[in-house]
Amino acid sequence: MVRMEIERLASLVAERQPCVALTGAGVSTESGIPDFRSPTGIWAQYDPLEVATIDAFLADPVKVWEFYGRRLELLRTAEPNEGHRALAELERRGWVRAVITQNIDLLHARAGSQELVEVHGSIRTSSCLDCGAVVPLDEVVALLPVPFCPSCGRILKPDVVMFGELLPERAIARATRLAAEAALLLVVGSSLEVYPVAGLPLETLAAGGSLAIVNRGATPLDARAALTVDAGAGETLRALAEALPECG
Ligand SMILES: [Zn+2]
């Protein structure tokens, strides 16, 4: 990571307000949460197509919960890292208006981010597809290995967006509006490959805003970004927070 890149990133954030952050799995890998695209940790043992699709859940919810139970345990014990904390701090100081995230792990919320749009849902709750009961995480964990609905007995579904499901309509509408209103969309830890979230930077560009991309590896939108930083999320966001004046 080059000092000059951080200074350019800080100038962009300072000059192009409001700045909205869009985060992906790369922000949470430093908290020990593996990206399903890299076959490490629990993703090495499970095929996403067998455990993370809505069809798989409807066909065999017990099998899907065998996987999710392990995943919940991992996510519940993970801690926010420097990247999550720096984004929450930048919001408090007025430099970041909101965080849009693809992550379901609650780490942005636990780090203190207030304006948070979780476009793939989160593990905060699970719901009953029959009676509509909504059950908070701690209760779901107490019901493992297979959490049956306390009201009607059907197996609950985690409120995370599975492959093959539509994104939550209100969250994606809010994310789209925030992206279009952003003078700068700060993409962090996303390879911008999963639609429709990958389309959010296009909303920013179409409305005349700019992109800055902090990601390990290339993304399809690098050529259209005002700045790309090929570095880890935690160190880059911490350095950004230190490079900016106290208040935005
Ligand atoms: Zn129910």
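See the structure shown above.
Because the structure is predicted, anything quoted here is derived from the model rather than measured.

Engineer: Even after reading the chapter, I still don't get the side chain of Ser-113, so can you show me in this structure?
Structural biologist: In this fold, Ser-113 is placed in the loop between helix 6 (107–111) and strand 3 (116–118). Taking relative accessible area as the criterion, Ser-113 reaches 6% and is therefore assigned buried. Ignoring any residue separated from it by four or fewer positions in sequence, one finds Ser-113 in contact with Leu-87, Ala-88, Glu-91, Val-99 and His-108.

Engineer: Would you explain the pairing of strand 7 (residues 184–188) in this entry?
Structural biologist: Regular strands place their side chains on alternate faces of the sheet. Across the five residues that make up strand 7, a large majority, five, are buried. Bridging between strand 1 (residues 19–23) and strand 7 involves five bridges; their strand directions are parallel. From the neighbouring strand, Cys-19 faces strand 7, where its bridge partner is Leu-184. Pairing of strand 7 with strand 8 (residues 210–214), which is carried by five bridges, proceeds in the parallel orientation. Of the residues in strand 8, the one forming a bridge with Leu-185 is Leu-211. After leaving strand 7, the chain enters helix 9 (residues 200–206) and then returns to the sheet as strand 8, a path that is right-handed.

Engineer: Sorry if this is basic, but what is going on with the packing of aromatic side chains here?
Structural biologist: Two descriptors summarise a pair of aromatic rings, namely the distance from one centre to the other and the angle between the planes of the rings. Enumeration over the complete set of coordinates arrives at three aromatic pairs. A centroid spacing of 5.4 Å and a plane angle of 80° characterise the contact between Phe-67 and Tyr-68, whose relative ring orientation is edge-to-face. Accessibility classification places Phe-67 together with Tyr-68 in one group, the buried group.

Engineer: Would you take a moment to explain the environment of Gly-234 for this structure?
Structural biologist: Relative to the helices and strands, Gly-234 resides in helix 10 (residues 233–243). Assessed through its relative accessible area of 2%, Gly-234 is described here as buried. Between the C-alpha atoms of Gly-234 and Gly-26, which are 208 residues apart in sequence, the distance is 9.4 Å. With residues near it in sequence (within four places) discarded, Gly-234 still touches Glu-30, Glu-82 and Gly-83.

Engineer: Honestly, the coordination of the zinc ion in this entry has me stumped. Any pointers?
Structural biologist: Ligation of the zinc ion by protein atoms is provided by Cys-128 (SG), Cys-131 (SG), Cys-149 (SG) and Cys-152 (SG), these donors lying 2.3 Å from the ion. Considering all four donor atoms around the zinc ion, angles at the metal cover 99 to 120° and the coordination shape is tetrahedral. Of note, the zinc ion draws all its donor residues from one chain, in the sequence arrangement C-x2-C-x17-C-x2-C. Of the two residues, Cys-131 sits in the loop between strand 4 (121–127) and strand 5 (134–136) while Cys-152 sits in the loop between helix 7 (137–143) and strand 6 (157–160), which places them 21 residues apart along the sequence. What makes Cys-152 partly exposed here is its relative accessible area of 43%.

Reading the values: rules and limits
Residues numbered from 1 in each chain as written. Predicted model: local features only at pLDDT ≥ 70, side-chain atom pairs only at ≥ 80, totals over all residues. Heavy atoms only, no water. Helix = DSSP H or I, 4+ residues; strand = E, 2+ residues; numbered from the N terminus. Buried < 20%, exposed > 50% of the residue type's maximum accessible area, 1.4 Å probe, protein only. Contact = heavy atoms within 4.5 Å. Pairing = 2+ DSSP bridges. Right-handed = clockwise from strand over helix to strand, strands pointing away. Phe/Tyr/Trp six-rings, centres within 6.5 Å; stacked < 30°, edge-to-face > 60°. Donors = N, O, S within 2.8 Å, 3.2 Å for Na, K, Ca; no water. Tetrahedral: all angles 85-135°; square planar, octahedral: opposite > 155°, others 65-115°.

Purely spatial values, then, with no claim about function.
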